[in-house]
Amino acid sequence: MIKHSPNPPDATPGLQAKTTYRPCPIFTIHPGIRSETLLAHTHETLASANVMATELSSSLIGPTCNLVLGIQQMIVLAQLSVNRVLDQIEPQQ
C-alpha cells in the first residue's frame, strides 16, 4: 500500500490531517479471491523469500550475515503461522 498524506510537505508540523492508505492499482487483489487461495500464495511467497534469504546469508559474514539470518527466521515464523491457518481451514467443496 502507498501512504498518501493530504497535507503538502510544507504544512505546519503537528497539524497534519489523518493519513490515508490506498492500494497501488498495479498490485490489487481481486476481491473475489478466496482466503485459502491467498494464504496458499502467501505460503509460496514466504517459501521463496526464505530460499533467497538463506542463499544471501551464505555469501555474507559477521553482523550482516546475522541480520539476514534474523530476517530469514522471521520469514519462517510467518510461514509457520500461515501453515497453521491453512491447517485450520476446512477445504471448500
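Our subject is the structure that appears above.
Structural notes, computed from the coordinates. Quick caveat, the model's predicted, so the values are computed rather than measured.

### As for the overall build of the protein chain
Here's step 1: From N to C terminus, the protein chain includes two helices and two strands.
Here's step 2: Within the protein chain, the fraction of its 93 residues that count as buried is 13%.
Here's step 3: For the protein chain, restricting intrachain contacts to residue pairs at least 6 apart in sequence, the fraction spanning at least 24 positions comes to 45%.
Here's step 4: Element-wise, carbon and sulfur atoms account for 62% of the exposed surface of the protein chain, whose accessible area totals about 7,700 Å².

### Some remarks on helix α1 (residues 35-57)
Here's step 1: When the terminal C-alpha atoms of α1 are compared, their 32 Å separation across 23 residues agrees well with the 33 Å that a helix rising 1.5 Å per residue should span.
Here's step 2: Among all positions of α1, only L39, L46, N50, A53 and S57 are buried.
Here's step 3: On the buried face of α1, the contacting elements are α2 (62-88).

### Side note on α2
Here's step 1: Over its 27 residues, α2 runs 40 Å from end to end, which matches the ideal 39 Å to within 8%, given 1.5 Å per residue.
Here's step 2: Along α2, the residues classified as buried are C65, V68, Q72, I75, Q79 and V82.
Here's step 3: Where α2 is buried, its residues meet α1.

### Thoughts on the packing of α1 against α2
Here's step 1: For the pair α1 and α2, interaxial distance at closest approach is 9 Å and the crossing angle is 160°. Looking at the two axes, α1 sits roughly antiparallel to α2. As for the relative orientation of α1 and α2, their crossing is left-handed in sense.
Here's step 2: In the contact of α1 with α2, the residues fall into 16 nonpolar, eight polar and one charged.

The rules behind these values
- Residue positions are given per chain, counted from 1 along the sequence in the order it is written.
- Under the rules for a predicted model, residues below a pLDDT of 70 receive no local features and side-chain atom pairs below 80 are neither given nor counted, while totals for whole chains, interfaces and linings still include all residues.
- Side-chain measures were taken over the full set of non-hydrogen atoms in the model, leaving aside hydrogen atoms and water.
- Here a helix means four or more residues in a row that DSSP labels H or I, a strand means two or more in a row labelled E, and each is numbered from the N terminus.
- The buried label applies to any residue whose accessible area, calculated with a 1.4 Å probe on protein chains only, is under 20% of its type's maximum; exposed applies above 50%, and partly exposed to all values in between.
- When checking whether two residues touch, look at their non-hydrogen atoms; a contact exists if any pair is within 4.5 Å.
- Here the open area of atoms and residues is found with the Shrake-Rupley method and a 1.4 Å probe, where only the protein chains shown may cover a residue.
- Take the number of residues in a helix, subtract one, and multiply by 1.5 Å to get its expected span.
- Every axis corresponds to a line fitted to the C-alpha atoms, with the helix fit spanning only the stretch in contact, and the corresponding angles, defined between N-to-C directions, vary from 0 to 180 degrees.
- To sort the angles, those under 35 degrees are grouped as roughly parallel, those over 145 as roughly antiparallel, those from 65 to 115 as roughly perpendicular, and the leftovers as oblique.
- Crossing handedness follows the turn of the near helix against the far one: under a right angle anticlockwise gives a left-handed crossing, and clockwise gives a right-handed one.
- In this classification, Asp, Glu, Lys and Arg are treated as charged, Ala, Val, Leu, Ile, Met, Phe, Trp, Tyr, Cys and Pro as nonpolar, and every other residue, Gly included, as polar.

Read these as geometric descriptors, not functional statements.
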